[in-house]
Amino acid sequence: MHQLNRPVEVNGQRTSALRTTDLRVLALWHILVWCRLLPCVFANRDLREQLAVLTGQSPTTITPGRMTYDLRRLRVHGIIERIPKTHRYRVTGLGLRAALFF
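Draft legend 1. Seen up close, the overall build of the protein chain. Along the protein chain, the regular secondary structure elements total 4 helices and 4 strands. Scanning the protein chain from its N terminus toward the C terminus, one meets helices and strands in the order β-β-α-α-α-β-β-α. In terms of overall size, the protein chain behaves like a compact globule, its C-alpha atoms giving a radius of gyration of 13 Å where 102 residues would be expected to give roughly 13 Å. In terms of overall dimensions, the protein chain has a C-alpha envelope of 35 × 30 × 25 Å along the principal axes. Put simply, the protein chain has 102 residues, and 40% of those count as buried. Contacts in the protein chain between residues at least 24 apart in sequence constitute 54% of all its contacts with a sequence separation of at least 6. For the protein chain, the accessible area works out to roughly 6,100 Å², and carbon and sulfur atoms hold 56% of it. In the protein chain, 16 side chains carry a positive charge and 6 a negative one; their mean positions are 3 Å apart.

Now the structure itself:
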């Protein structure tokens, strides 16, 4: 839990903490559980649509850049991993455990 609630730096990439009380982060945890339980991988667009539904926003109000920021935070924290040579991601074992915890 401390690892996720603090900023991290991995391979020269620094990213902010995943504040567990933030509505956006809680919605991301929910989506990650859903993505892991279904045999699927996801892209920026897929997460953006689901995040909009869970936070009560329109998908057009969540920009691709904002979603990229969230994906980068999740990736650097080890919650998701990028599938090589694609723009798609999958949830890691750590990611599933953290998402189920929160």
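There's plenty left to go through after this.
Draft legend 2. Representation of the packing of helix α1 (residues 23–37) against helix α2 (residues 44–55) in the model. The contact between α1 and α2 brings their axes to 9 Å, and the two run at 125°. Between α1 and α2, the angle is such that the two are oblique. Classified by chirality, the crossing of α2 by α1 is right-handed. In this structure, α1 uses L23, R24, A27, L28, H30, I31, W34 and C35 to contact α2, whose residues at the interface are L47, Q50, L51, L54 and T55. Its residues assigned to classes, the contact of α1 with α2 comprises 9 nonpolar, 3 polar and 1 charged.

Draft legend 3. Broad picture of the packing of aromatic side chains. This structure, assessed with the given rule, holds 1 aromatic pair. For the pair F42 and Y89, a centre-to-centre distance of 6.2 Å together with 25° between the ring planes defines the contact as stacked. Of this pair, F42 sits in the loop between α1 and α2 while Y89 sits in strand β4 (residues 89–91), and the two are 47 residues apart along the sequence. Neither residue differs from the other here; F42 and Y89 are each classed as buried.

Draft legend 4. Focus on the side chain of R73. Position of R73 relative to the elements: it lies in helix α3 (residues 64–76). Ignoring anything within four residues of it in the chain, the contact list for R73 reads T15, S16, A17, L18 and V25.

Draft legend 5. Quick look at the nonpolar core. In terms of nonpolar packing, the biggest core is built from 24 residues, with W29, L32, F42, L47, I79 and I80 touching the most fellow members. For this core, the leading source of residues is α1, giving 8 residues. Look past the residues within four positions of I80 in its chain and what remains in contact with it is L32, F42, L71, L74, R75, Y89, R90, V91 and T92.

Procedures and definitions
Residues numbered from 1 in each chain as written. Predicted model: local features only at pLDDT ≥ 70, side-chain atom pairs only at ≥ 80, totals over all residues. Heavy atoms only, no water. Helix = DSSP H or I, 4+ residues; strand = E, 2+ residues; numbered from the N terminus. Rg over C-alpha atoms; globule rule 2.2 N^0.38 Å. Buried < 20%, exposed > 50% of the residue type's maximum accessible area, 1.4 Å probe, protein only. Contact = heavy atoms within 4.5 Å. Areas by Shrake-Rupley, 256 points an atom, 1.4 Å probe, with all protein chains shown as cover. Lys, Arg positive; Asp, Glu negative; His and termini not counted. Charge placed at Lys NZ, Arg CZ, Asp CG, Glu CD. Axes fitted to C-alpha atoms, helices over the stretch in contact; angles between N-to-C directions. Parallel < 35°, antiparallel > 145°, perpendicular 65-115°, else oblique. Left-handed = near helix turned anticlockwise from the far one by under 90°. Nonpolar A, V, L, I, M, F, W, Y, C, P; charged D, E, K, R; others polar. Phe/Tyr/Trp six-rings, centres within 6.5 Å; stacked < 30°, edge-to-face > 60°. Core = buried A, V, L, I, M, F, W, Y, C linked by side-chain atoms within 4.5 Å.

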